[in-house]
Amino acid sequence: MIHLDRLLPRALSCAALSFALLAVSPARADTDYTDAWFGGSAQGGWGLAFTQADYAIYAQFFHYDASHNPVWFGGTIYRVSDGHYNGALYTVNGDYYGHMPYDPTLFHATPVGTIDFNATDASHGLLSYSINGVNVLTQIQRLTLVNIPIAGNYYATISQSFSSACSGGATTDFGSLQFVITQTGSPGNVSVELRDTVAPFDTLCTMTGAATQAGKVIDIANATNACGGTTFAPLHLYDIRRTANNGIEGRWQTLPGDACVNSARFVGIIQ
C-alpha cells in the first residue's frame, strides 16, 4: 500500500499555508443525515425530513392515521452511537394557518411515543417508532430530488489511516493534494485523480468506478485503486457530497475482507 504523504513531500509543505486558511477538518464524528427520507418506491406518500446539528437530529415525520388522513409528528433524536439515534416523538396542534396574526398560545405538543433511527450506511437505515401503542419497523433511504454533479478540480485536505496489516504498519497520515474528479453521466462513472499540488502536478493515484446517488450523497461501491503504476485492493468511496461553498467532502475504505484496511476522510474547495 502506498502512503500518500510519502509521495507528497512537496505538496505537504507548499500547500500547508493554503489549507490552514480553510480552518476545516475532514474528520467528523458521524455522517450528516440532513436530507429528505422515505420508505422507498414500495412505500410512496410518506416520509421524514432530518435536520442534523452535531449529535442531534430534528425529525419531521409525515404519515397517515387509521382513517388515511394526513398526520404529522416531530421530535429531536439524539446520537447513542455512530449512526444510531433515538428520542421522543410528539404530535402538535396550534392556530389555523389562515388566521393572521398567528396565535402562538394555541400551540401544544403532546408526547405520543418514541422514534429510533439506526443508519446501515450513509444513505439507508432502519426506522423504528411507536405511536400511541402501535409499533412499526421499516427501512428508509434518502430521497433523490435532482442529480448532483461532483466533477471539478479541488484542493483537498486528507486524513488517511492504515491498519497494522498494511505495509509499514499502522499509521495515520495527514496532507494536502489535488482531487481532479471527472464524471460521465449522472451519477454515471466517476474517476478521482489524486495529484501533487505543485508543478508538474503528477498523478499519484486514480480511483474509478460506477457511482450511485441517494439524496445528496454519492456512493462508489467498488472503485479500482491504482497508485504509481501498481493496482491495489478496490476501495469503497462513500458519503461523497457537495458542500455549501461549492466544495466536496467524503470518505473511502477498503472493501470488507482485505487484511490491510485503508480508510480516509477528505474535504476540498473548488479551484
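Caption draft 1: Up close: the packing of aromatic side chains. The full count for this structure, using the stated rule, is 13 aromatic pairs. With a centroid separation of 6.3 Å and an interplanar angle of 55°, the aromatic rings of Tyr33 and Trp37 are classed as tilted. By relative accessible area, Tyr33 is classed as buried at 3%. Geometrically, the ring pair formed by Tyr33 and Phe117 is edge-to-face, given 5.4 Å between the ring centres and 80° between the ring planes. Within this pair, whereas Tyr33 is found in the loop between helix H3 (16–20) and strand S1 (35–38), its partner Phe117 is found in strand S6 (residues 108–119), the two being separated by 84 residues in sequence. Judged by its relative accessible area of 0%, Phe117 falls in the buried class. Among the aromatic residues, ring-to-ring pairing joins Tyr33, Trp37, Phe50, Tyr85 and Phe117 into one connected group.

Caption draft 2: Looking closely at the pattern of salt bridges. Here the structure, examined in full by the defined rule, presents seven salt bridges. Across the pair Asp30 and Arg79 runs a salt bridge, and its minimum N-O distance is 3.8 Å. Remark: Arg79 occurs in strand S4 (residues 70–81) and Asp30 occurs in the loop between H3 and S1; sequence separation between them is 49 residues. Owing to a relative accessible area of 6%, Asp30 belongs among the buried residues under this scheme. Overlapping salt bridges, with partners in common, bring together Asp239, Arg241, Glu249 and Arg251 in one network.

Procedures and definitions
- Residues numbered from 1 in each chain as written.
- Predicted model: local features only at pLDDT ≥ 70, side-chain atom pairs only at ≥ 80, totals over all residues.
- Heavy atoms only, no water.
- Phe/Tyr/Trp six-rings, centres within 6.5 Å; stacked < 30°, edge-to-face > 60°.
- Buried < 20%, exposed > 50% of the residue type's maximum accessible area, 1.4 Å probe, protein only.
- Helix = DSSP H or I, 4+ residues; strand = E, 2+ residues; numbered from the N terminus.
- Salt bridge = Lys/Arg side-chain N within 4 Å of Asp/Glu carboxyl O.

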